[in-house]
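Observations on the three-dimensional arrangement
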Amino acid sequence: MSELSSYESFSIEVKDHIAHVQFSRPEALNTMNKAFWLELPRCMQDIEANTDARVIVISSTGKHFSAGMDLGVFSDPKAVPMNGDPGRMAENLRRVVLQLQDTLTSLEKIRLPVLAAIHGGCIGGALDLVCAADSRYCTEDAYFTIKETELGMTADVGTLQRLPKLMPEGVVRELAYTGRKFSATEAQNLGFVNAVYADQEAMLAAVMDIAGQIAANSPLAVTGCKEMLNYSRDHSVEDSLKYMATWQAGMFRPTDMMKSFQAKAQKQAPQYDALFPVKPLFDQ
């Protein structure tokens, strides 16, 4: 197993099949700077390729989970030219936004479940990020806001597309149009977060316990669940049922089920084989 790369924006610890990714720029309120956008998909791929992790927990440090997009991302004239032909500038900006979207979509594309543990402010781009996680948990002091509206722009990297799948659309529209903060309690009542905890220590203990329960299951069964749930969100019931049947025909094998039955009979925890690591094509 290879060593993990080092990252400017994150620290990573892998233990008991759980990868804990923490934002590591508390002095800058963990704003999502240029390094963050480049590093996040690499970090996800690194965990898949070079660790035995079966679930990922994302948390943060300092006062806030993240204050969102670092405005320096758009002030770089090399990335976002501000003069020249309008059509060409528009085409370039569209491509930049698609690349930013792909960064957060990496949380969905990775075959491992991603659990977000949120404290303090989860603002703007940070809300886009946690919307792409599989499940969300937060502290009592957490709050969320679609900050972009208040700043004079439309949120563009995932919140407006994913949030209506996670809570009532009418509420999402209100939150988007007003840009107001919504609290941990409101987020839980709307079903956006699974649970609310008194403080970060209690939250991380609980989320790690949930991650441990996930990691104890067959990794093939768990990744199948994620694949099916993501597909079903974006397709009809009929199409999703057909895909499920095809997946099962190709992926289901009795090996893990037999291990489950044997372990239960012996009153032991089952030991499942790891999935093959995800590597680049023709990686040596």
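Owing to the predicted nature of the structure, the values given are computational and were not obtained by experimental measurement. (Residues numbered from 1 in each chain as written. Predicted model: local features only at pLDDT ≥ 70, side-chain atom pairs only at ≥ 80, totals over all residues. Heavy atoms only, no water.)

**Things to note about the nonpolar core**
With 53 residues, the main nonpolar core has Ile56, Leu129, Phe144 and Phe192 as its most contacted residues. Elements with a minimum of two residues in this core: β2 (18-23), α1 (34-50), β3 (55-59), α3 (86-109), β4 (114-118), α4 (125-131), α7 (169-178) and α8 (184-189). It is α1 that provides the largest number of residues to this core, a total of six residues. Ignoring any residue separated from it by four or fewer positions in sequence, one finds Phe192 in contact with Leu127, Val130, Cys131, Arg136, Phe144, Leu163, Leu166, Met167, Phe182 and Ala187. Residues Val55, Val57, Met203 and Leu204 belong to the second largest nonpolar core, which totals 16 residues. (Core = buried A, V, L, I, M, F, W, Y, C linked by side-chain atoms within 4.5 Å. Buried < 20%, exposed > 50% of the residue type's maximum accessible area, 1.4 Å probe, protein only. Helix = DSSP H or I, 4+ residues; strand = E, 2+ residues; numbered from the N terminus. Contact = heavy atoms within 4.5 Å.)

**Brief notes about the packing of aromatic side chains**
What the rule picks out here adds up to ten aromatic pairs. Relative to Phe36, the ring of Phe23 lies with its centre 5.6 Å away and its plane at 80 degrees, an arrangement referred to as edge-to-face. Here Phe23, found in strand β2, pairs with Phe36, found in helix α1; they are 13 residues apart in sequence, far enough to count as distant. A single burial state applies to Phe23 and to Phe36, both of which are buried. With 5.4 Å between their ring centres and 90 degrees between their planes, Phe144 and Phe192 make a pair best called edge-to-face. Pair noted here: Phe144 is in strand β7 (residues 143-145) and Phe192 is in the loop between α8 and β9 (195-197), with a separation of 48 residues, a long-range link. We classify Phe192 as buried; its relative accessible area is 0%. (Phe/Tyr/Trp six-rings, centres within 6.5 Å; stacked < 30°, edge-to-face > 60°.)

**So, the domain arrangement of the protein**
Taken as a whole, the protein is organised into domain 1 (10-215) and domain 2 (217-266). Spacing between the C-alpha centres of domain 1 and domain 2 amounts to 27 Å. Contacts between the two partners involve 14 residues from domain 1, matched on the other side by eight residues from domain 2. With both sides pooled, the region where domain 1 packs onto domain 2 buries about 830 Å², and carbon together with sulfur makes up 43% of that total. Among the residues of domain 1 in contact with domain 2, Glu108, Arg111 and Lys165 are the three that bury the most area, contributing 47% of the side total. Taken together, the links from domain 1 to domain 2 amount to two salt bridges. For the salt bridge of Glu108 with Arg233, the shortest nitrogen-to-oxygen distance reads 2.7 Å. Our count for the domain 1 to domain 2 interface comes out at nine residue pairs in polar contact (both at pLDDT 80 or more). Those elements giving two or more residues to the side of domain 1 that touches domain 2 turn out to be α3 and α9 (200-215). Sort the elements by how many residues they give to the side of domain 1 that touches domain 2 and α9 lands first, with three residues. The residue makeup of the side of domain 1 that touches domain 2, split by class, is seven nonpolar, one polar and six charged. (Domains from an automatic or database assignment. Buried area = accessible area lost by both parts, 1.4 Å probe. Salt bridge = Lys/Arg side-chain N within 4 Å of Asp/Glu carboxyl O. Polar contact = N/O pair within 3.5 Å; in protein donor to acceptor, adjacent residues only side chain to side chain. Nonpolar A, V, L, I, M, F, W, Y, C, P; charged D, E, K, R; others polar.)

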